[in-house]
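Notes for the structure review
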2 protein chains.
Amino acid sequence: MAEVADTRTQIAGDRDSSAIDGFWAVIPAGGAGTRLWPLSRSSSPKFLHDLSGAGRSLLQTTWDRLEPLCGDQVMVVTGVAHEAAVRAQLPGLALANLVAEPSPRDSMAAVGLAAAMLERRDPDAVIGSFAADHVIGEPEVFADCVREAVAVARTGYVVTIGIEPTCPATGFGYIRVGDSLAIAGAPNGRAVRSFVEKPDETTARAYLDTGEYRWNAGMFVVKASVLLDLLAEFHPELAAGLRDIAAEPARLAELWPGLTKVAIDHAVAEPAAAQGRVAVVEGRFTWDDVGDFASLGSLLSNAVAVPGLRVLGDVDLVLAKDTTGVVIPGSGRTVAVLGLDDIVVVDTPDALLVTTRERAQDVKALVDLLKATGRADLT
Amino acid sequence: MAEVADTRTQIAGDRDSSAIDGFWAVIPAGGAGTRLWPLSRSSSPKFLHDLSGAGRSLLQTTWDRLEPLCGDQVMVVTGVAHEAAVRAQLPGLALANLVAEPSPRDSMAAVGLAAAMLERRDPDAVIGSFAADHVIGEPEVFADCVREAVAVARTGYVVTIGIEPTCPATGFGYIRVGDSLAIAGAPNGRAVRSFVEKPDETTARAYLDTGEYRWNAGMFVVKASVLLDLLAEFHPELAAGLRDIAAEPARLAELWPGLTKVAIDHAVAEPAAAQGRVAVVEGRFTWDDVGDFASLGSLLSNAVAVPGLRVLGDVDLVLAKDTTGVVIPGSGRTVAVLGLDDIVVVDTPDALLVTTRERAQDVKALVDLLKATGRADLT
C-alpha cells in the first residue's frame, strides 16, 4: 500500500489538467430513484435534482466532473421523457450527443448504443461510463483515476473503477482485485479476479479484512470496439442490434424494443472478468450512489445549529428541537420537528414523507403502495 | 353511588327537551390553543376549527350543544380579532349578544362582563359559562347535567360541573366533592369542599382512589347577580368596573384596560368554595379540553385501515405503513408516513409539524422558538 500512496502523491504534485485525447464520457441518465420519493419521481428522477445543496443537479455535477477530462465529448443516454429536461440542464451538450431511449432496456443497451455510435465516429475511441446520479467528493482525485483507467483501457482491458471501502456496506457489489498490471501511466491498474454480489454484513466485514475488495461503483472505462466485441462474444444478437442502430439511426424505434434487457455487469463485465480481461483502478475519492435518504443524509453537512440534523434546502424554513436526522424543505413551507431521532422529513409541493433513516430503504414499498392505491400520479 | 345511578336512569327515561327559563349560556371564546400549532394560530385559534372531523368547529358544536337549553339566549365573548369569524360561524347569534374584548383580560373579566350585561336585562338570569373549545361526547347527558346545575344555582350557589375522572390525568385541576345538597330537581347536586391544582400522577391516583374527586372542566353555572356580588366581595374594583361597562357600554374601551386580569377560578370559585358557597353537579359525559395533539388524537376514531392511526381530515390523503399516531392532512397534499410509532404529523398550507404524542405538550416551546426566531407571523 505504501507504494500506491507514494505514487499518488507524485501524481497529485504533477497533475494533468488537459482533456484526454480520444476519450468520450458516456452518461446513462436513467433510473427513477424510487427510494428518494417524493423528491425523486418517475417524471423527475433523482439525476435531475440537486441533492447536495450545491445548486447543481447530480447530472450537472456529473457533467462538471467529466468536462475537464473530455471537453464536449460527452454523450448522454436518457429516456425520451427526460430528453427536454436533460437538454435544459446541459446547454453545452451537443444535440448529436443526446440519445433518447424509446423505452428502458437496462444499462447494457444504453451504454452499448453509445459505444456503437462512437465506434463509428472514432474506431479507437475510449469510452467511460459514469452514472448521472452518483455523488463524488474529490473531482481531481477522480480525474487522476480516470486518466489511469483510460491508459489501461487502451491496452484492451475493460477497466472498472473500484472504490476503497470505508465501511462494510451491504448495499453495493464488490470487486476482488488481483495483481498489479504494470501498465505505463497506470501505476494503480490491477487485474480483477471477480465481481461479487451485494454481501451480508458479516461477509462484507470479511471482505474488508482481506484488503482485496473494492466497491463496485458501476463505472467502466473501455475502448468502444472492445466493449462491443466482447458483447458480440457473450450476447451476439444484442451487439449486432446496437451496431445496426448506430449504422442506421432511423431504425432505432424499430430495433430497440427487440434488444435484450441486461445490465452491463452481467452482460460483459462478469464473463470478461472470468477470462482475465477486466482491470481495476482504485478510486480513493469519496463516492455514494445516494440510494436512499439515509445515504443522502450522510452526504449533507451539518448546516444548522441543531447537532445531528442535516438540511437539504433553505435552512431558514426548518425549525428543529431535540431532533436528529434529515429534513428537506421543498415547498416553501416552514417544517417544524420536535423530539425525534433519526427522522426523515421530505416536503414537496404535492406530497410529504415522514419516516426514519432506519426505514429509508423501505420507501420503495411505500411508493408501490401509492401505485397500488391509485396514486401513481404522485410517483 | 348506587343511588346516583338510579336517579340518572330515571332522568334519562323522562328527558326534558325544552329550553330552561331565564337561562343564558355564556361562551368565552378565547385562548390561542398554542399546543395545537400549526392547526391553531393566534389569528385562527382552536375554537374556530373542526377538531373532531364532524364538519363543525368547536365553537359551533358548543353552540349546538347549548341551543336546546337556552334557545338564542347565548352570549359569546371573544377578542376583537375574532369577532368577524365568530359572526360568520354563528349566524344565529344576535349582534347584541356578541361581546368583543378590546384585549385579553382573562376569564373573570370575560364572563363577568357578560354577567353584568345580563344582570341588567334580567336580574334573575342564571348564566352558564362553557368554553368554546372543549369536546363533549353525549350532549343529552350534558343537558341533563346543566338542568340540575341551574336548579342548584337558583338557590344561590356557584355551581360547577365536575367530570367523573376516567384516568389519573395530570393536565386538569380537580374538585373535591362533599355531601349531597338535597335540592329539588338536582339529585346529583353536592357541596364542593375545595378546588385543587393540577396534581402529579401519584396524587391524581390517590384522588381517584378516594372517589371524592372530579375533574374541574371550568364550567360554572350561577345567577349573574350572585357571581357579581361574590366578585364584589373578593375583587370589588373589578366587579364595579364590569358593572360600569354594562351600564355604559360606550366606556368599554376606556375602562377595559384597567380591569384586573384574573381567572374566574381564583377570583370567585376558590374563595367562595372556602365559604361553602360552591356546589357541584357531576357530569358523566365524556369531556376533553383538547389541550394538545395527544388529547386530540385520543378523541378521533380509528378512521383508516391502519390500526392505531388516527386521521383528522381527508383519509384519502394519508398513506401510512407500520405507523401509529395522529396525522392531520390540511393542505391537500398526500402525507406518507412509514415506520413511526405515536407520531404526530400536522400539515397546513404554510407550516408543517412533525412530533410525537409524548412531546405534544412541548409544542408550545416550539411556538415560542418560532416567535424568538422572527417567525411570529406563523404563530
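All chains use their own residue numbering, which begins from 1 and follows the written sequence. As they are written, the chains are lettered A onward and the ligands numbered 1 onward, keeping that order. Side-chain atom pairs in this predicted model are given and counted only at pLDDT of 80 or more, local residue features only at pLDDT of at least 70, and totals for whole chains, interfaces and linings cover all residues. The basis for every side-chain value is the complete set of non-hydrogen atoms in the structure, without hydrogens or water.

**A word on the packing of aromatic side chains**
Residue and element names in this part refer to chain B. We apply this condition: For Phe, Tyr and Trp, rings pair up if their centres lie within 6.5 Å, where Trp contributes its six-membered ring, and each pair is then called stacked (planes under 30 degrees apart), edge-to-face (over 60) or tilted (otherwise). Helix and strand assignments come from DSSP, with helices taken as H or I runs of at least 4 residues and strands as E runs of at least 2, each series counted from the N terminus. Accessible area is worked out with a 1.4 Å probe on protein chains only. A residue is then buried under 20% of its type maximum, exposed over 50%, and partly exposed in between.
For the coordinates displayed, the defined rule picks out 14 aromatic pairs over all chains. Ring geometry for Phe 142 and Phe 285: centres 5.5 Å apart, planes at 75°, overall edge-to-face. Residue Phe 142 is located in helix 5 (residues 139-153), and its partner Phe 285 is located in the loop between strand 10 (278-283) and strand 11 (287-288); the two are separated by 143 residues in the primary sequence. Looking at Phe 142, the relative accessible area reads 1%, which means it is buried. By relative accessible area, Phe 285 is classed as buried at 3%. Judged by centre distance (4.9 Å) and plane angle (65°), the ring pair of Phe 172 and Trp 215 falls under edge-to-face. One end of the pair, Phe 172, is in the loop between strand 6 (158-163) and strand 7 (174-180); the other, Trp 215, is in strand 9 (residues 213-223), and 43 residues separate them in sequence. You'll find Phe 172 and Trp 215 in the same group, each marked buried.

**Observations regarding the pattern of salt bridges**
All names here are of chain A. Filter applied, for reference: A side-chain nitrogen of Lys or Arg and a carboxyl oxygen of Asp or Glu constitute a salt bridge if their distance falls within 4 Å.
Enumeration according to the criterion identifies 44 salt bridges over all chains in this entry. Between Glu 201 and Arg 205 there is a salt bridge whose closest N-O contact spans 2.7 Å. Of this pair, Glu 201 and Arg 205 both sit in helix 6 (residues 201-210), 4 residues apart, which is roughly one turn of that helix. Its relative accessible area of 44% is what places Arg 205 among the partly exposed residues. The closest approach of N and O atoms between Glu 282 and Arg 214, which form a salt bridge, is 2.2 Å.

**Some thoughts on the side chain of His82(A)**
Residues and elements named next belong to chain A. The line we're drawing: Any two residues whose heavy atoms approach within 4.5 Å at even a single point are treated as in contact.
Tracing the backbone shows His 82 in the loop between strand 2 (74-79) and helix 3 (83-89). A relative accessible area of 12% places His 82 in the buried class. Those residues in contact with His 82, other than ones at most four positions away along the chain, are Ser 42, Ser 43, Ser 44, Pro 45 and Phe 47.

**Re the relation of the copies chain A and chain B**
To keep it simple, the criterion reads: We place the copies in one frame by least squares, fitting the C-alpha atoms of every residue whose pLDDT is at least 70 in both.
When chain A is fitted to chain B, the best match, at an RMSD of 0.0 Å, comes from turning it 180° and sliding it 0.1 Å along the axis. Such a turn and shift between the copies fits a two-fold axis. By C-alpha distance to the rotation axis, the residue of chain A lying nearest is Val354(A), at 4.0 Å. With an isologous cut-off of 70% or more, the 100% of interface residues of chain A that recur at the interface of chain B puts this contact in the isologous class.

**Re the interface of chain A and chain B**
For clarity, the threshold we go by: The quantity reported as buried area is the accessible area (1.4 Å probe) lost by two parts once they are put together, taken as the sum for both. Here a polar contact is taken to be a pair of N or O atoms separated by no more than 3.5 Å, where protein atoms must pair a possible hydrogen donor with a possible acceptor and residues adjacent in sequence count only if both atoms sit in side chains.
Residue-level contacts link 39 residues of chain A with 39 residues of chain B. On the chain A side of the interface with chain B, the three residues burying the most area are Leu319(A), Arg333(A) and Leu338(A), jointly 24% of the side's total. Between Arg333(A) and Asp347(B) there is a salt bridge, and its shortest N-O distance comes to 2.6 Å. If you look at where chain A meets chain B, you find 20 residue pairs in polar contact (both at pLDDT 80 or more).

**Points about the confidence of the model for chain A**
Residue and element names in this part refer to chain A. The criterion, for reference: The predictor rates its confidence in each residue with pLDDT, a number between 0 and 100.
Overall, the predicted model of chain A reaches an average pLDDT of 93, with 95% of residues at or above 70. Within the model, pLDDT remains below 50 along residues 1-12, and this stretch shows 14 contacts once partners closer than five positions in the same chain are excluded. Complex prediction metrics read pTM 0.87 and ipTM 0.86.

**Details of the pairing of strand 2 (residues 74-79) of chain B**
Put simply, side chains in a regular strand alternate between the two faces of the sheet. Residue and element names in this part refer to chain B. Threshold: Two strands form a pair only when DSSP identifies at least two bridges running between them. If the strands point away from the viewer and the path from the first strand over the helix to the second runs clockwise, then the crossover is right-handed.
Within strand 2, 6 of the 6 residues are buried, which leaves it mostly tucked inside the rest of the structure. Sheet analysis places strand 1 (residues 23-29) next to strand 2, joined by 5 bridges and oriented parallel. Note on strand 2: the bridge partner recorded for Ile 27 is Val 76. Regarding the hand of the β-α-β motif, the stretch spanning strand 1, helix 2 (residues 58-70) and strand 2 is right-handed.

**With respect to the sheet that holds strand 15 (residues 334-338) of chain B**
The line we're drawing: Inter-axis angles, ranging from 0 to 180 degrees, are taken between N-to-C directions of lines fitted to C-alpha atoms, where helices are fitted over the stretch in contact.
Reading across from one edge, 12(A)-14(A)-16(A)-17(A)-15(B)-13(B) is the order of the 6 strands in this open sheet, with mixed pairing throughout. Bordering the open sheet on either side are strand 12 (309-311) of chain A together with strand 13 (318-321) of chain B, each of which pairs with just one other strand. Along the sheet, successive strands turn relative to each other by an average axial angle of 10°, direction set aside. Contacts from helix 12 (residues 363-372) of chain A reach strand 17 (351-356) of chain A together with strand 13 and strand 15 of chain B within the one sheet, and its direction differs from that of strand 13 of chain B by about 135°.

**Topic: helix 10 (residues 264-274) of chain A**
Residue and element names in this part refer to chain A. Listed in full, the buried residues belonging to helix 10 are Ile 264, Asp 265, Ala 267, Val 268, Ala 269, Ala 272 and Ala 273. Buried positions along helix 10 lie against helix 4 (106-121), strand 6 (158-163), strand 8 (189-196), strand 9 (213-223), helix 7 (224-234) and strand 10 (278-283). Note on helix 10: the residue one or two positions beyond its end, Gly 276, has a positive phi of about 75°.

**Observations concerning helix 4 of chain A**
Using the following cut-off: To estimate the expected span of a helix, subtract one from its residue number and multiply by 1.5 Å.
Relative to the 22 Å expected for 16 residues at 1.5 Å per residue, helix 4 of chain A spans 24 Å between its end C-alpha atoms, a close match to the ideal helical length. Residues Met108(A), Ala109(A), Ala110(A), Val111(A), Gly112(A), Leu113(A), Ala114(A), Ala115(A), Ala116(A), Leu118(A) and Glu119(A) constitute the buried set of helix 4 of chain A.

**Let's talk about the environment of Arg121(B)**
Residue and element names in this part refer to chain B. Topologically, Arg 121 is positioned in helix 4 (residues 106-121). You can call Arg 121 partly exposed: its relative accessible area is 42%. As for Arg 121 and Ala 151, which are separated by 30 residues in sequence, their C-alpha atoms are 20 Å apart. Beyond its immediate stretch of four places on either side in the chain, Arg 121 contacts Trp 24, Met 75, Ala 96 and Asn 97. Side chain to side chain, Arg 121 and Asn 97 meet in a polar contact 2.7 Å long.

**Quick notes on the sheet that holds strand 16 (residues 343-347) of chain B**
Pairing in this open sheet of 6 strands is mixed, and the strands run 13(A)-15(A)-17(B)-16(B)-14(B)-12(B) from one edge to the other. Every interior strand has two partners, whereas the edge strands, strand 13 (318-321) of chain A together with strand 12 (309-311) of chain B, have only one. Across the sheet, the mean angle separating the axes of adjacent strands is 10° when strand polarity is ignored. Here 3 bridges tie strand 12 of chain B to strand 14 (residues 325-328) of chain B, and the two strands are oriented parallel to one another. Counterpart to Leu309(B) in the pairing with strand 14 of chain B is Gly325(B). Here helix 12 (residues 363-372) of chain B sits on the sheet in contact with strand 13 and strand 15 (334-338) of chain A together with strand 17 (351-356) of chain B, set at roughly 135° to strand 13 of chain A.

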